[in-house]
Amino acid sequence: MQRNYLARPASFANARSALRDRNFMIWESQEAARNDVQAERPPFPTTPSATMRTGATGLTMIDLRSDTLADLPAQTQRFAYDRQAVRPGIVHLSVGNFHRAHQAWYLDRLLAKPGNEGWGICGVGLMDDANERLKKDIFPAQDNLYTLTRYAADGSSTHQVIGSMVEYLFAPGDPEAVLARMADPATRIVSLTITEGGYNHDPATGTYRLHAPMTQAELAEPARPRSAFGYIVEALRRRRDSGTPPFTVMSCDNLRDNGVISRSAVISHAMALDADLADWIEQNVTFPTSMVDRITPVVHKEDAERVNAECGVHDRLPVISEDFAQWVIEDRFCNGRPPLESVGAQVVADVHPYELAKVRMLNASHSMLAYPGQLAGLETVKDAIDHPLIHRLVFDFMTHDVLPILHAPDGMNLETYRDQIIARFSNPKVGDRLSRITGDGRSKLPTFLLPTLATVAERGGDIRRMAFVVACFLRYCGGRDDLGRDFEPFEPHLTDDRRALTGDPVKALTTLPMFGDMGLTPSSVIVEMTAIYAHAIAAQGTLTVLEEVLRVASHVM
Ligand code: CS2
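This one's a predicted model, so the numbers in the text were calculated from it and none came from an experiment.

Structural notes on the overall build of the protein
Then step 1. For the protein, the helix and strand inventory stands at 23 helices and 17 strands.
Then step 2. Put simply, the protein has 557 residues, and 59% of those count as buried.
Then step 3. For the protein, the share of sequence-separated contacts (at least 6 apart) that also reach a separation of at least 24 residues comes to 78%.
Then step 4. For the protein, the accessible surface area stands at approximately 20,400 Å², while carbon and sulfur atoms represent 52% of it.

Okay, structure coming up:
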């Protein structure tokens, strides 16, 4: 019998949260997958290696490899540690752009401090698809090195070569090598950025989908895993059988309660194979929850050409990010952990207040600006936040809709956090496109925005700002902006007929599963107001309606 390991501590079980919390998991991981797919298609053709080459800008660039590091131009920093001495202590499953800009950057800093040589990363590609196969070719050709360009709010940039991924394994090509690395006593943490689909979690039942075809195949042949959980369970079995202590499983996906979800998946998978193994895991393995934050845009070909020219380095998979980063980790490691607090991570007892503040403020504000911005024909997050009406919408939303109902994590001032978010969105160089943010609203809005909308409505507060953005989302699903330009909305979880439904706001709000737990009826104030705005936007244009919303919306709850 399958156990349900998703029971949440009572303090988090607030009234409407269950479905939303499950929905939370969906949002960014899928977006990350999409971004990575776009970003990691190498922006440069595969060419034979050469040490120097002339880039698109006519500048000479140096190929990125261990043996060229000493020749890199001065503006590109390289790590100060002896990389030969670094050994993998973390196996990371799925090496996407976010991982490379975030966790791998933290570890790179840590390795520069003496005594941490055992905390290198072995990156693992799990998927047998074209993108992963390209990484399989590119990473080894670059000795698993890559450049990270971080842009600060003042427009300054920092270029550096990240060396913390000391090994890369392509699991479909050699599953045994991955299992051996995971079962090696030197491996003490297995971390994941595998996207929501990778968690194989059924939001309707809150359980791990044992009947999914890939899971069935893995359960039939446990020594030939395919998914993250197949690998984790088989590696843990080998460790238990050989008397090796287990590793910590650390999800770094932007899911709510990512530790709880990972634990459920691993134990459910193990339980279906071997109840004793499931018990051993339950008693010995820990699954810390974490909150991860760093805006990491899609790297398009022109972005890659630009950063390569800035770095003077020819990198076929460069990464770009803002310079802000936050990583809040629950202190729950069963086999030791790197001293991440020494490089700026926060290791705390309870991650939940940080998760909530981030998602309800940063991510929700991203949605608040992206839908009106894209409909108005703007391209980037910066274009949108620089628009006076959209800027005010975002500021008023955080100030009057979110802040009054949010508890600040200890030591955190939410007004300061709000201002910092606006400054981050205003970053002049990151170049984050609205199309990245608007994608998969079906998964994001139920976590980012709808809980705040429902709470404000329940309290009889003013829902105009949020109803307006829900109306913008419905119009976005129609795939045409105010300039009459067609675009393809990225909504992988809205089927075509449901997408058609979004042309009928009342029907959409009362029948689409994404609004399902709000209990909306045609006469609900949320439905009435959203429908009015949706029709007004169609008739008058997004910004005209926004101006009116801002004029009449109240500034108190
Ligand atoms: C964004 C996030 O996808 C989104 O809608 O809000 O990807 C955001 O950039 C990250 O969570 C920042 O850490």
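From this point, the narrative continues.
Some remarks on the sheet that holds strand 17 (residues 346–348)
Then step 1. Read across the open sheet, the 3 strands follow the order 13-16-17; overall the sheet is mixed. Strands with a single pairing partner mark the edges of an open sheet, and in this sheet they are strand 13 (290–293) and strand 17. Pairs of neighbouring strands in the sheet enclose a mean axial angle of 15°, with direction left out of account.
Then step 2. Bridge count between strand 16 (residues 326–330) and strand 17: 3 bridges; the pairing is parallel.

Section: the sheet that holds strand 7 (residues 157–162)
Backbone hydrogen bonds are what pair the strands of a sheet, in a parallel or an antiparallel way.
Then step 1. Pairing is mixed across the open sheet formed by 4 strands, whose spatial order is 3-7-6-15. The sheet is open, and its two borders are formed by strand 3 (76–77) and strand 15 (319–322), each paired with just one other strand.
Then step 2. Where strand 6 (residues 146–151) lies against strand 7, 6 bridges are found, and the strand directions are antiparallel. The residue bridging Thr147 from the neighbouring strand is Val161, located in strand 7.
Then step 3. Of the strands in this sheet, strand 6 and strand 7 are in contact with helix 4 (residues 103–111), which crosses strand 7 at around 80°.

Some details on the pattern of salt bridges
Then step 1. For the structure on display, the rule yields 36 salt bridges.
Then step 2. For Asp386, the salt bridge identified is with Lys382, shortest N-O distance 2.7 Å. Separated by 4 residues within a single helix, Asp386 and Lys382 lie in helix 13 (residues 381–386), roughly one turn from each other.
Then step 3. Residue Lys382 is classed as partly exposed on the basis of its relative accessible area, which comes to 24%.
Then step 4. Shared partners join several salt bridges into a network, and the residues in it are Glu176, Glu234, Arg237, Arg238, Arg240, Asp241 and Asp274.

Here we look at helix 12 (residues 352–375)
Then step 1. With 24 residues, helix 12 should reach 34 Å at 1.5 Å per residue; the first-to-last C-alpha distance of 33 Å fits that figure.
Then step 2. Taken across its 24 residues, helix 12 has 22 buried, putting it largely inside the fold.
Then step 3. Following helix 12 by one or two positions, Gly377 has its phi on the positive side, about 90°.

Points about the packing of helix 12 against helix 15 (residues 414–425)
Then step 1. Between helix 12 and helix 15, whose axes approach to 11 Å, the crossing angle comes to 40°. The pairing of helix 12 with helix 15 is recorded here as oblique in orientation. By crossing handedness, the relation of helix 12 to helix 15 is classed as right-handed. Facing Ala357, Lys358, Met361, Leu362, Ser365, His366 and Leu369 of helix 12, the residues of helix 15 in contact are Leu414, Tyr417, Arg418, Ile421, Arg424 and Phe425.
Then step 2. Of the residues assigned to the contact of helix 12 with helix 15, the class counts are 8 nonpolar, 2 polar and 3 charged.

Topic: the confidence of the model for the protein
Then step 1. In the predicted model, the protein carries a mean pLDDT of 88, and 89% of its residues have values of at least 70.
Then step 2. This stretch, residues 1–49, has a pLDDT under 50; its non-local contacts, to residues over four places away or in other chains, come to 137 contacts.

So, the pairing of strand 7
Then step 1. Pairing analysis gives 2 bridges linking strand 3 to strand 7, with the strands arranged parallel. Bridged to Gln77 within strand 7 is Gln160.
Then step 2. In this structure, the hairpin formed by strand 6 and strand 7 is closed by a connection of 5 residues, where Gly155 is found at a positive phi of approximately 90°.

Digging into helix 11 (residues 301–311)
Then step 1. Listed in full, the buried residues belonging to helix 11 are Asp303, Ala304, Val307, Asn308, Ala309 and Cys311.
Then step 2. Those residues of helix 11 that are buried are in contact with strand 2 (60–63), strand 3, strand 6, strand 7, strand 14 (313–314) and strand 15.
Then step 3. Once helix 11 finishes, Gly312 follows within two positions and takes phi at roughly 70°, a positive value.

Re the side chain of Thr215
Then step 1. Mapped onto the secondary structure, Thr215 falls in helix 7 (residues 213–220).
Then step 2. Every residue in contact with Thr215, bar those within four places of it in the chain, is listed here: Asn200, Tyr208, Arg209, Leu210 and His269.

What about the packing of helix 14 (residues 388–402) against helix 23 (residues 542–552)?
Then step 1. One way to put it is that helix 14 packs onto helix 23 with a least axis distance of 10 Å and a crossing angle of 45°. The pairing of helix 14 with helix 23 is recorded here as oblique in orientation. Crossing geometry of helix 14 relative to helix 23 is assigned as left-handed. Counting all contacts with helix 14, which are made through Leu389, Ile390, Arg392, Leu393 and Asp396, the residues of helix 23 involved are Leu543, Leu546, Glu547 and Leu550.
Then step 2. In terms of residue class, the contact of helix 14 with helix 23 is made up of 6 nonpolar, no polar and 3 charged.

Quick notes on the side chain of Asn427
Then step 1. Relative to the helices and strands, Asn427 resides in the loop between helix 15 and helix 16 (434–438).
Then step 2. A polar atom in the side chain of Asn427 sits 2.9 Å from the backbone nitrogen of Lys429.
Then step 3. Filtering out sequence-adjacent residues up to four positions away, Asn427 remains in contact with Tyr151, Ala152, Ala153, Glu322 and Lys382.

Considerations on unusual backbone geometry
Then step 1. Phi at Asn144 is positive, roughly 60°, even though this residue is not glycine.
Then step 2. Considering the arrangement of structural elements, one finds Asn144 in the loop between helix 5 (130–141) and strand 6.
Then step 3. Positioned with a positive phi, Asp440 is a non-glycine residue whose angle comes to about 60°.
Then step 4. Position of Asp440 relative to the elements: it lies in the loop between helix 16 and helix 17 (441–448).
Then step 5. Under the relative-accessibility criterion, Asp440 is labelled buried at 0%.

Thresholds, definitions, all that
- Residues numbered from 1 in each chain as written.
- Predicted model: local features only at pLDDT ≥ 70, side-chain atom pairs only at ≥ 80, totals over all residues.
- Heavy atoms only, no water.
- Helix = DSSP H or I, 4+ residues; strand = E, 2+ residues; numbered from the N terminus.
- Buried < 20%, exposed > 50% of the residue type's maximum accessible area, 1.4 Å probe, protein only.
- Contact = heavy atoms within 4.5 Å.
- Areas by Shrake-Rupley, 256 points an atom, 1.4 Å probe, with all protein chains shown as cover.
- Pairing = 2+ DSSP bridges.
- Axes fitted to C-alpha atoms, helices over the stretch in contact; angles between N-to-C directions.
- Salt bridge = Lys/Arg side-chain N within 4 Å of Asp/Glu carboxyl O.
- Expected span 1.5 Å × (residues − 1).
- Parallel < 35°, antiparallel > 145°, perpendicular 65-115°, else oblique.
- Left-handed = near helix turned anticlockwise from the far one by under 90°.
- Nonpolar A, V, L, I, M, F, W, Y, C, P; charged D, E, K, R; others polar.
- pLDDT = per-residue confidence, 0-100.
- Polar contact = N/O pair within 3.5 Å; in protein donor to acceptor, adjacent residues only side chain to side chain.

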